[in-house]
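# Overview (structure and organization)
What follows is each chain in one-letter form.
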Amino acid sequence: MTADLLVVGSGFFGLTIAERCATELDLTVQVIDRRPHIGGNAYSEADPETGIEVHRYGAHLFHTSNQRVWDYVNRFTDFTPYQHRVYTTYRGEVYPLPINLGTINQFQRAAYSPDEARAWVAEQASRLTHEPANLEEKAISLIGEPLYEAFIKGYTAKQWQTDPRELGADIISRLPVRYTYDNRYFSDTYEGLPVDGYTAWIERMADHPNITVTLDTDFFDETQPFNKKACVGVTPVVYTGPVDRYFDGAHGDLSWRTLDFETEVLPTGDFQGTTVMNYADTDVPHTRVHEFRHFHPERDYPADRTVVMREFSRFAEADDEPYYPVNTPQDRERLLAYRELAKGETDVLFGGRLGTYQYLDMHMAIGSALSMFDNLVAPHFTSGTPLAGVRHDGHGG
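Description of the structure in this document. Note that the structure is predicted; figures quoted are calculated from it, not measured.

Reading the values: rules and limits
Within any chain, residue numbers begin from 1 and follow the written order of that chain's sequence. Selection of residues for local features in this predicted model requires a pLDDT of at least 70, selection of side-chain atom pairs for listing and counting requires 80 or more, and totals for whole chains, interfaces and linings are taken over all residues. Only hydrogens and water are set aside; all other atoms, that is, all heavy atoms of the structure, feed into the side-chain values. Throughout this description, the term nonpolar core refers to a set of buried Ala, Val, Leu, Ile, Met, Phe, Trp, Tyr and Cys residues connected via side-chain atoms within 4.5 Å. Burial classification: accessible surface area is computed with a 1.4 Å probe over protein chains only, and a residue below 20% of its type maximum counts as buried, one above 50% as exposed, and the rest as partly exposed. Domain delimitation in this document rests on an assignment produced automatically or drawn from a domain database. Contacts are residue-level and defined by heavy atoms, with any inter-residue pair within 4.5 Å sufficient. A helix here means a DSSP run of H or I that spans at least four residues, while a strand means a run of E at least two residues long, and both kinds are numbered starting from the N terminus. Here a polar contact is taken to be a pair of N or O atoms separated by no more than 3.5 Å, where protein atoms must pair a possible hydrogen donor with a possible acceptor and residues adjacent in sequence count only if both atoms sit in side chains. For two strands to count as paired, DSSP must find a minimum of two bridges between them. Only the contacting stretch of a helix is used when fitting its axis, a line to C-alpha atoms as for every element, and angles between N-to-C directions run 0 to 180 degrees. Should an angle fall under 35 degrees it is taken as roughly parallel, and over 145 as roughly antiparallel, whereas 65 to 115 is taken as roughly perpendicular and any remaining angle as oblique. Throughout, the ten residues Ala, Val, Leu, Ile, Met, Phe, Trp, Tyr, Cys and Pro are labelled nonpolar, Asp, Glu, Lys and Arg are labelled charged, and all others, Gly among them, are labelled polar. By convention, a stacked pair of Phe, Tyr or Trp rings (six-membered ring in the case of Trp) has centres within 6.5 Å and planes under 30 degrees apart, an edge-to-face pair has planes over 60 apart, and any other such pair is tilted. The criterion for a charge sitting over a ring is simple: Lys NZ or Arg CZ within 6 Å of the ring centre, and within 35 degrees of the ring normal.

Soluble globular proteins tend to pack their nonpolar side chains together in the buried interior. Counting 100 residues, the largest nonpolar core has Phe-12, Ile-17, Phe-62, Val-73, Tyr-198, Trp-201 and Ile-366 as its most contacted members. Residue assignment places this core across two domains, with domain 1 (5-80 + 191-249 + 327-383) and domain 2 (86-171) each supplying three or more. In contact with Trp-201, not counting residues within four places along its chain, are Phe-12, Phe-62, Val-73, Phe-76, Thr-77, Phe-79, Pro-194 and Ile-366. Core analysis: the second largest hydrophobic core is formed by six residues, Leu-266, Met-277, Val-289 and Val-308 among them.

Structure below.
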C-alpha cells in the first residue's frame, strides 16, 4: 500500500480525518468502506419515484454550538434555516415534544403558568419516596407518573424492546421539561440541513486529489489489499469500525440496538404535516414516522406524492447494523478490556461511534475527529510522535 494513511470507514469521523490530512499535511489517504456508498449512516439519496431526498438510515439533523465545527462544515455546504420540531401521538391526540408548557397544559386541560406547571410536576415527582431501582422509577422521580405513563413508558418499551422496569435507572440522568411554549427540539446555537443534501456535502469532503475512496471493501477481507493483516504495523490506520470486531471479539461482543425501516410512497402531498411523529402507544409497533418532504419545504417536490419511513427498534444481532450502544455493566467491562488491547496496537487510532462504543451526533463525531487530528495525527506526521498507547476515546494518555 502506497498511501500515507488508511482510514477505515467513510462516515463523518473518517472523512474529517482524511480531509484534514490531505488538505493540511498534503498526505495521501486511502479511505475504505464496506458499504456500497460513502457517508456511513448520514447517507441520503433521492427517491427514484418522487425525487424527495430520503435519509436511508433515519433522520439526520445537524446542530451544534461548537464554533469550530460550524466553521469547518460550512466549508463544504451551506445550510437551510430548518429548525427541528417533534410531535408525539398518544391515545389519538398529538402533543408537542420535548415536554413543555404546551404539552403539560394540553395533557392536563389546564392553563398553568410556568410556576404552576413546575409545581405540578414537582408534586407528581415527589410521590416516589424511595431510591429509584429501575428506569421507570427514575423517570417517575424526575417528571412524575402521569407524564411518564403518557410520553415515556410506551416509547421506551418499544425502543428497548424491554419493560422499563427491567432497565437500569442509570440509563437516564434527566428528562428535559421546558416551562415555556418553546418546542424547538435542539437548543444549539446553529442548526440546519445541508442545502444540497447530505451525500453532496460528504462527497465534497472527499473531493481532494490526495484522497481515494474505495467502497464495497471490508477491512477484514484478506482477499483485498487494504486489509488489517496487510496494513496494521505497516501503514498508520484510523479505524472507525466496531472495536470488538477489530479484536475478533476477544472479550465478547458489545451489545447494540439496531433500527429497521419501512419506506413507502403515498399518494398524497402531505401525510402527517411534520417531519417526525413519535408514537407513544405500545399497540403501535413503530416508534416514529419520518416524512422527508418536510425537511426541505424550499424544494419543488411533487404535490401529489410523499415519502414516509416507519422506524422500528430492537436489539441488534450478529449481522445487523449497530446504531445505539446498549452500554450494560457487562458492556462497560468489555469496553475497558478492549481499550487495554487498543493501547498495544501499533500506529492504530480508534474513533467514531463504532470505534469508541459511544453514541455520537454528527457534530460530535466531527469535533472528535478534529481533536484527534490536532492532538495525535498531525503530531505523528509532522514530528514523529507515536500513535501507540492512546486511550480508546481518542485522547492521549
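Okay, helix H5 (residues 135-143) next. Within H5, burial applies to Leu-135, Glu-136, Glu-137, Ala-139, Ile-140 and Ile-143. Lining the buried residues of H5 we find helix H4 (114-125) and helix H6 (145-160). Here H5 starts with a cap whose side-chain oxygen sits 3.1 Å from the backbone nitrogen of Glu-136, and that cap is Asn-134. Downstream of H5 by one or two residues, Gly-144 has phi in the positive range, about 90°.

Pairing within the open sheet is mixed, and its seven strands lie in the order S7-S6-S12-S13-S14-S11-S15. Two strands bound the open sheet, and with one partner strand each, they are strand S7 (93-97) and strand S15 (324-325). Of the pairings in the sheet, the one linking strand S11 (residues 256-266) to strand S14 (residues 306-315) comprises ten bridges and is antiparallel in character. Residue pairing for S14: Asp-260 is matched across the bridge by Phe-312. Those strands touched by helix H3 (residues 101-108) are strand S6 (86-90) and S7, and its axis lies near 155° from that of S7.

Secondary-structure assignment places Asn-278 in strand S12 (residues 276-279). Judged by its relative accessible area of 9%, Asn-278 falls in the buried class. Dropping the residues within four chain positions of it, Asn-278 is found in contact with Val-86, Tyr-87, Thr-88, Thr-89, Leu-97, Tyr-155, Thr-287 and Arg-288.

Two elements in contact, H4 and H6, have axes separated by 8 Å at closest approach and are oriented at 95°. Here H4 lies roughly perpendicular to H6, going by the angle between them. Residues Trp-120, Val-121 and Gln-124 of H4 form the contact with H6, whose own contacting residues are Glu-145, Pro-146 and Leu-147. Of the residues in the contact of H4 with H6, the class split is four nonpolar, one polar and one charged.

What follows concerns the packing of aromatic side chains. Counted under the stated rule, the structure contains 31 aromatic pairs. Pairing Tyr-246 with Phe-247 gives two aromatic rings, centres 4.8 Å apart and planes at 75°, and the pair type is edge-to-face. You can call Tyr-246 buried: its relative accessible area is 0%. Of the residues examined, Phe-247 reaches a relative accessible area of 12% and is grouped as buried. Ring centres of Tyr-246 and Phe-350 lie 5.0 Å apart, and the angle between their planes is 80°; this geometry places the pair in the edge-to-face category. Here Tyr-246 is found in helix H9 (residues 243-246), whereas its partner Phe-350 is found in strand S16 (residues 348-350), with 104 residues between them in sequence. On the accessibility criterion, Phe-350 (4% relative accessible area) is buried. Cluster of aromatic residues (ring-pair linked, three or more members): Phe-12, Phe-62, Trp-70, Phe-79, Tyr-190, Tyr-198 and Trp-201. Here Lys-228 stacks its cationic end above the ring of Tyr-246, 4.1 Å away from the centre of that ring.

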